[in-house]
Amino acid sequence: MDARALFGNVIVAMVTPFTKDGEVDLGAAQRVATHLVDTGCDGVLVSGTTGESPTTHSGEKVALIEAVREAVGDRARIMAGAGSNHTDHAIRMAEQAAEAGADSVLIVSPYYNRPSQDGVAAHIEAVASASDLPAMIYDIPGRTGVAIGPEASARIARHPNVIAFKDATGNPVAGCQRSAQVGMATFSGDDGLNLSFLAHGGVGVVSVVGHVAADRYRRMVDAMTPNEEGLVNLAEALAIHNELAELNDSIMGTGQGAVMAKAAMVELGVLEEVHYRLPLVPAPEEWLARMRAAMGALGYAHG
């Protein structure tokens, strides 16, 4: 099964716009989604962590899926976050995603409660079984406090709906080897390591910096996709990686990718203003100034 056909291969974990009163702004979400697809994405992740999913409720998540589908139609695949450390809650999110018209779900390993590897696998199997949608499994131990180990990886790979890993373990070699051993695809979940994952066998990226640089990530992924002779253009991909280094650091190096990506939408004129739900707060001016400079150097300036 071709994971790229199911999920896309340049996927952006989309921010969720709010009004000044704290309500989800569906019209603004449609503008963001349209911008992403127009600039090179073929997949949009709705209600991932970058979309402030911990602070949006079920009805809002459903409305976001429906609004994004209306905006982009069949020009991109829509993935819905189904991440929770409460398994029943995650199951319901997956069910609602399918009902709302999502093409796939993203299931993160349970966070904070630190289950055993059997518990991690059982959680993922339960959520993946909640619908017929293909599932991408998000392994990000730096946030969740628990990695998806070899035995759990082999177990979940036997589930018919589990197709790919979004790997944010920080180890592209081990991550791609893990996927190859269990018969799953790998998507980079770390913008700074996108090229490394692609070079070691990854088939795509799930990006935050792609809010700004989807066009360049499209070129990078295309350059690293083998042609009919099985060859890739590493020189072109490396050049793109190098020119994006400062932009990537200015957005992701703060540890506040969701905050910075949303602010970048204002800099590009996609959003008029940005608002966050606590515990996220606006970025300090020095962070924004650095990001503006990096965007401007690459030609990403509004107007």
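You'll find the structure just up there.
The written sequence of each chain sets the order in which its residues are numbered from 1. In keeping with the predicted nature of the model, local features appear solely for residues at pLDDT of at least 70, side-chain atom pairs appear and are counted solely at 80 or more, and the whole-chain, interface and lining totals rest on all residues. Heavy atoms throughout the structure, all of them, feed into the side-chain values; hydrogens and water do not.

### Description of the side chain of Asn248
For helices the rule is a DSSP run of H or I covering at least 4 residues; for strands it is a run of E covering at least 2, with both sets numbered from the N terminus onward. Along the chain, the position of Asn248 falls in helix H12 (residues 245-252). In this structure Asn248 comes out as buried when scored by relative accessible area, which is 11%. Apart from residues no more than four positions distant in its own chain, Asn248 is found in contact with Asp191, Gly192, Val209 and Gly253. The cut-offs for exposure are 20% and 50% of the maximum accessible area for each residue type, with area from a 1.4 Å probe on protein chains only; residues under the lower value are buried, those over the upper are exposed, and the others partly exposed. Contacts: residue pairs with any heavy atoms within 4.5 Å of one another.

### Comments concerning the nonpolar core
Take the buried residues of types Ala, Val, Leu, Ile, Met, Phe, Trp, Tyr and Cys, join any two whose side-chain atoms come within 4.5 Å, and each joined set is a nonpolar core. Membership of the largest hydrophobic core comes to 83 residues, with the highest contact counts inside it found for Ile137 and Leu247. At seven residues, helix H10 (residues 210-223) tops the list of elements feeding residues into this core. The contacts of Leu247, once residues within four sequence positions are left out, are Val209, Val212, Ala213, Ala294, Met295, Leu298 and Tyr300. Listed in part, the 18 residues of the second largest apolar core include Ala3, Ala13, Met79 and Ala168.

### Some remarks on helix H3 (residues 58-72)
Multiply 1.5 Å by the residue count of a helix minus one, and that product is the helix's expected span. Here H3 is 15 residues long and its end C-alpha atoms lie 22 Å apart, about the 21 Å a rise of 1.5 Å per residue gives. For H3, the full list of buried residues reads Glu60, Lys61, Val62, Leu64, Ile65, Ala67, Val68 and Val72. Where the residues of H3 are buried, they touch helix H2 (26-38), strand S2 (43-46), strand S3 (77-81) and helix H4 (87-100). Positive phi appears at Gly73, one or two residues downstream of H3, with a value of about 55°.

### A word on the pairing of strand S1 (residues 10-13)
Of the two faces of S1, the one carrying Val10 and Val12 and the one carrying Ile11 and Ala13 are both buried. One bridge is not enough; two strands pair if DSSP finds at least two bridges between them. Looking at chain direction, S1 and S2 are connected through three bridges and run parallel. Counted as the bridge partner of Ile11 is Gly43 from S2. Handedness of the crossover joining S1 and S2 through H2 is recorded here as right-handed. The definition of a right-handed crossover adopted here requires that, viewed with the strands pointing away, the path from the first strand over the helix to the second runs clockwise.

### A word on the sheet that holds strand S5 (residues 135-139)
Spatial strand order, S1-S2-S3-S4-S5-S6-S7-S8: eight strands in a closed barrel with parallel pairing. Taking the axes of each pair of neighbouring strands and ignoring which way they run, one obtains an average angle of 25° across the sheet. Bridge count between S1 and strand S8 (residues 204-207): three bridges; the pairing is parallel. What sits directly across from Val10, in S8, is Val205. All axes are obtained by fitting lines to C-alpha atoms, using only the stretch in contact for helices, and the reported angles, taken between N-to-C directions, cover 0 to 180 degrees. Strands in contact with H3 are S2 and S3; relative to S3, the strand with the most contacts, it is inclined by about 170°. Across the sheet, helix H8 (residues 172-182) lies against S5, strand S6 (162-167) and strand S7 (185-188), angled at about 170° from S6, the strand it touches most.

### Section: the packing of aromatic side chains
Any pair of Phe, Tyr and Trp rings, taking the six-membered ring for Trp, is counted once the centres come within 6.5 Å. Such a pair is stacked with planes under 30 degrees apart, edge-to-face with planes over 60 apart, and tilted for the rest. Within this structure, the stated rule accounts for one aromatic pair. Between Phe7 and Phe187, the aromatic rings sit 5.8 Å apart at their centres with planes inclined by 80°, giving edge-to-face as the arrangement. Of this pair, Phe7 sits in helix H1 (residues 3-7) while Phe187 sits in strand S7, placing them 180 residues apart in sequence. Phe187 shares its class with Phe7; the two are buried. Either the NZ atom of lysine or the CZ atom of arginine qualifies as a charge over a ring when it sits within 6 Å of the ring centre and within 35 degrees of the ring normal. Across from the ring centre of Tyr138, 3.8 Å away, lies the NZ or CZ of Lys166, which sits over that ring.

### Focus on the environment of Val146
For Val146, the location among the structural elements is in the loop between helix H6 (141-144) and helix H7 (150-157). Taking the C-alpha atoms as reference, Val146 lies 40 Å from Glu228; in sequence the two are 82 residues apart. Excluding residues that lie within four positions of it along the chain, Val146 makes contacts with Ser109, Pro110, Pro115, Gln117, Val120, Asp139 and Pro141.

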